[in-house]
Amino acid sequence: MAGRGTVKAHGGFNAKNDAEVLYKAMKGLGTDEDAILQLLTARSNAQRQEIKAAYKTLHGNDLVDDLKSELGGKFESLIVALMTPPIMYDVTSLRDSIKGAGTDEKVLIEILASRLPNEVNQIKSLYKQEHNDDLEEDVTGDTGGNFRRMLVVLLQVRMLVVCNISLSALLAAGEQKYGTDEGQFITILGNRSNAHLRRVFDEYRKISGYEIEESIQRETSGTLQEVLLAVVKCARGVPGYFAESLYNAMKGSGTDDQKLIRIMVSRSEVDMMDIRAEFRKRFATSLHKTIQGDTSGDYRKALLLLCGGDDA
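Source: prediction; values computed, not measured.

Caption draft 1: Local environment of unusual backbone geometry. Phi is positive for Asn132, close to 55°, though the residue is something other than glycine. Examined against the element boundaries, Asn132 turns out to sit in the loop between helix H8 (117-131) and helix H9 (135-142). Its identity is not glycine, yet Ala284 carries a phi of approximately 55°, on the positive side. Mapped onto the elements, Ala284 comes out in the loop between helix H18 (272-283) and helix H19 (287-294).

Quick look at the structure:
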């Protein structure tokens, strides 16, 4: 995935100079939003952290606090997200999804199904450090049933390697069984490496005549179905999963701006080029055009810069 992001480290980077540009963009009457968004979308997250440190040294203020006081709405949310280190951004998103009024299961699913094992371990460690709480305990306290079981398995970050055991167990749990053994679906799909699961899915189709997604849709429902399908989609290809998520965030009336911001920011340095390619392939339009038609103002400008180009 290296080098598949649209946002890369800026050559000739100077943290102090950038801090001064941002300071000038905010001081005095009015705010130069364009200068802010042009600069921050053209720096890597690591560079943004250096700018933040330089800004504090030069001006004695917290850069994020100053940005919050000058900006507003969705544009502010996007810029604050860009200024947050990636693992911290995941930690904050998970914390907000659990500790707010009600639980945002979709955030839990998106992050825990798509992150690499080492990232999940970093998230758990930083969550403990920041909140003095155990992420697994918070998740189990806020969810229930087989959905909770699946999230716990994803948080364990273990790997299965024996393909034929998984395959026979999946068939016995689903298509060959009257009723469904959700526990087997959870154990196999949660304890996975993506390469291993792709082999299982191919064999499953050959033997059962069904794609695994069809069986999951028939045999499960609700949030358990959502998390199992997310794991399958990520195993088939994380960029495809996010392309579909972005499409769903913007289709129809209304936009899921939180999801749009979360994905565009968190994937901008990882695999946005691949997400764009998958989006074009699946939806016969470009991600760029879809964002353009669904957003406005400085918020749209910043999102389009993160998108990085039009695949028309």
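Caption draft 2: The nonpolar core, seen in detail. The biggest cluster of nonpolar side chains holds 87 residues, and the ones touching the most others in it are Ile36, Leu67, Met150, Leu189, Leu246, Met264 and Leu287. Tallying contributions element by element places helix H15 (residues 222-236) first for this core, with 9 residues. In contact with Leu287, not counting residues within four places along its chain, are Leu246, Met250, Met264, Met272, Arg276, Phe279 and Cys307.

Caption draft 3: Structural detail: the layout of surface pockets. By volume, the largest pocket amounts to about 640 Å³. Lining of the largest pocket is provided by 32 residues; of these, Arg115, Leu116, Glu119, Arg267 and Val270 occupy positions nearest its centre. Elements with a contribution of two residues or more to the lining of the largest pocket: helix H3 (45-59), helix H5 (73-82), helix H6 (86-99), helix H7 (105-114), H8, H15 and helix H17 (257-267). No other element matches the 4 residues that H6 contributes to the lining of the largest pocket. Residue classes in the lining of the largest pocket are distributed as 17 nonpolar, 7 polar and 8 charged.

Rules and cut-offs
Residues numbered from 1 in each chain as written. Predicted model: local features only at pLDDT ≥ 70, side-chain atom pairs only at ≥ 80, totals over all residues. Heavy atoms only, no water. Helix = DSSP H or I, 4+ residues; strand = E, 2+ residues; numbered from the N terminus. Core = buried A, V, L, I, M, F, W, Y, C linked by side-chain atoms within 4.5 Å. Buried < 20%, exposed > 50% of the residue type's maximum accessible area, 1.4 Å probe, protein only. Contact = heavy atoms within 4.5 Å. 1 Å grid on protein atoms, 1.4 Å probe; cavity = no way out; pocket = protein on both sides within 12 Å on 5 of 7 lines; lining within 4 Å. Points joined across faces, edges and corners; volume = space filled by probe spheres on them. Nonpolar A, V, L, I, M, F, W, Y, C, P; charged D, E, K, R; others polar.

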